[in-house]
Amino acid sequence: MHLNRDVHLAKILLVDDNPVNLQVLTGILKKDGYSSITATTEPTQVLSLYKQHHYDLIILDIHMPELTGFDVMSQLNTHFPSDFLPIIVLTADDYGETRDQALASGARDFMRKPFNNREVLLRARNLIETVFLHKELLNQNEMLDQRVRERTEQLYYSQVKLIECLGKAAEFKDNETGMHVVRISKSTGIIARAMGLPQHDVELIEQASPMHDIGKIGIPDRILLKPGKLEGEEWLTMQSHSLLGANILDDDKNDSELLKMAAEIALTHHERWDGKGYPSGLQGEEIPLYTRITTVCDVFDALTSRRPYKDPWSNEKALQYIKSQSGSAFDPKIVTCFEAVLEDIIEVKNTYPDPPEDEATFNHAFQASGN
């Protein structure tokens, strides 16, 4: 490591109630090439001066009226507890107690009066070089921290984009378009925000909720795309997509908050408020809040969308169904919130629509043909 600044560019503050001492110190330093020097006989000014200039060196007398050097150091330590305070104390005392107390109070070095010119310059240079090294270390650490933050953001963004792609892959299996997962992301964010959840949690549910049906990747097309009602083993196979989704997204080595939430939603998004859902029969608030939000949004969007086995419902009919299932399938508080922001949910649906029916029909037929 090397210093990238000349020590003579250091900002220096001299504090002594004796103007003669200040004049002598200033002369010694200027003769050696230091130019940015402030001198004051008023110790009460030190705090405000340091706030403005953050000096690289403070030469501070101990015995002064109004405020002693100890008082000044106490003020600086109180207001700047994390700063490396570059203080050399001056005193005419011969007592070791004064020196020890000064060093214990935050001084970095100590000089006795009357001072020797060469000693002043050597001690000043040594402490200034230490201060510059300290600042350079702080700058390097900040640069490293910034690089780590940037790298972490890049990895998180990559993770989010991968999750989006996986969610769309699952959606293409039975809906030919990825717009359902986009609408779920936007809608869950609207409800989470309306419920007053922290922004961090809002962003998490927006990114995790589109993965609720990722387990459908493992469901055979003959079941997933069947236009009629599922029977017996078919229904049990379809139900298994919850466990499949959780297994895809989570494992014992996974420490990603986002993937853990996505796995939790995938596992529990068919649980019911009354405990009659699957796979675990969770009841009430045993079901994670993020899942309860996702479930209402998912059901509403599914009801108002075209599927191989049904025509889309109107928004009004779907809302009535959601309200009729409040307290049985859905958390009543979330149903109330959903109704309050319904206009925003519908706006999302209009902004991110499925393709026209003829295009969707073509895509479905093309997929079914095996091409």
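Our subject is the structure listed above.
Analysis parameters
Residues numbered from 1 in each chain as written. Predicted model: local features only at pLDDT ≥ 70, side-chain atom pairs only at ≥ 80, totals over all residues. Heavy atoms only, no water. Helix = DSSP H or I, 4+ residues; strand = E, 2+ residues; numbered from the N terminus. Expected span 1.5 Å × (residues − 1). Buried < 20%, exposed > 50% of the residue type's maximum accessible area, 1.4 Å probe, protein only. Contact = heavy atoms within 4.5 Å. Phe/Tyr/Trp six-rings, centres within 6.5 Å; stacked < 30°, edge-to-face > 60°. Axes fitted to C-alpha atoms, helices over the stretch in contact; angles between N-to-C directions. Parallel < 35°, antiparallel > 145°, perpendicular 65-115°, else oblique. Left-handed = near helix turned anticlockwise from the far one by under 90°. Nonpolar A, V, L, I, M, F, W, Y, C, P; charged D, E, K, R; others polar. Pairing = 2+ DSSP bridges. Right-handed = clockwise from strand over helix to strand, strands pointing away.

**A few points about helix α12 (residues 289–303)**
- When the terminal C-alpha atoms of α12 are compared, their 22 Å separation across 15 residues agrees well with the 21 Å that a helix rising 1.5 Å per residue should span.
- Buried residues dominate α12, accounting for 12 of its 15 residues.
- By the burial criterion, the buried members of α12 are Y290, T291, R292, I293, T294, T295, V296, C297, D298, F300, D301 and L303.
- Contacts made by the buried residues of α12 are with α6 (179–194), α7 (199–208), α11 (257–268), α13 (315–324), α14 (332–340) and α15 (342–351).

**Focus on the packing of aromatic side chains**
- Counting across every chain of the model gives four aromatic pairs.
- Judged by centre distance (4.9 Å) and plane angle (75°), the rings of Y50 and F80 are edge-to-face. Residue Y50 is located in helix α2 (residues 46–53), and its partner F80 is located in the loop between α3 (69–79) and β4 (87–91); the two are separated by 30 residues in the primary sequence.
- Each ring, one from W235 and one from Y278, has its centre 6.1 Å from the other, and the planes form 80°; the classification is edge-to-face.

**Details of the packing of α6 against α15**
- Closest axis-to-axis distance for the α6/α15 pair is 10 Å, and the angle between their directions is 160°. Considering the angle they form, α6 stands roughly antiparallel to α15. Pair α6 / α15 crosses with right-handed handedness. Only D344, I345, V348 and K349 of α15 make contact with α6, whose side of the interface consists of R183, K186, S187, I190 and I191.
- Its residues assigned to classes, the contact of α6 with α15 comprises four nonpolar, one polar and four charged.

**Section: the pairing of β4**
- In terms of burial, β4 is largely enclosed, as five of its five residues are buried.
- On β4, burial covers both faces: I87, V89 and T91 on one face and I88 and L90 on the other are all buried.
- As paired elements, strand β3 (residues 57–61) and β4 share four bridges and run parallel to each other. Counted as the bridge partner of L60 is V89 from β4.
- Crossover handedness for the path β3 to α3 to β4: right-handed.
- Where β4 meets strand β5 (residues 109–112), four bridges bridge the pair, whose relative direction is parallel. Looking across to β5, one finds that I88 is bridged to D109.

**Comments concerning the side chain of T98**
- With respect to the helices, strands and loops of the structure, T98 is situated in helix α4 (residues 96–104).
- Here T98 is in contact with I62, F70, T91, D93 and F110, once residues within four sequence places are set aside.

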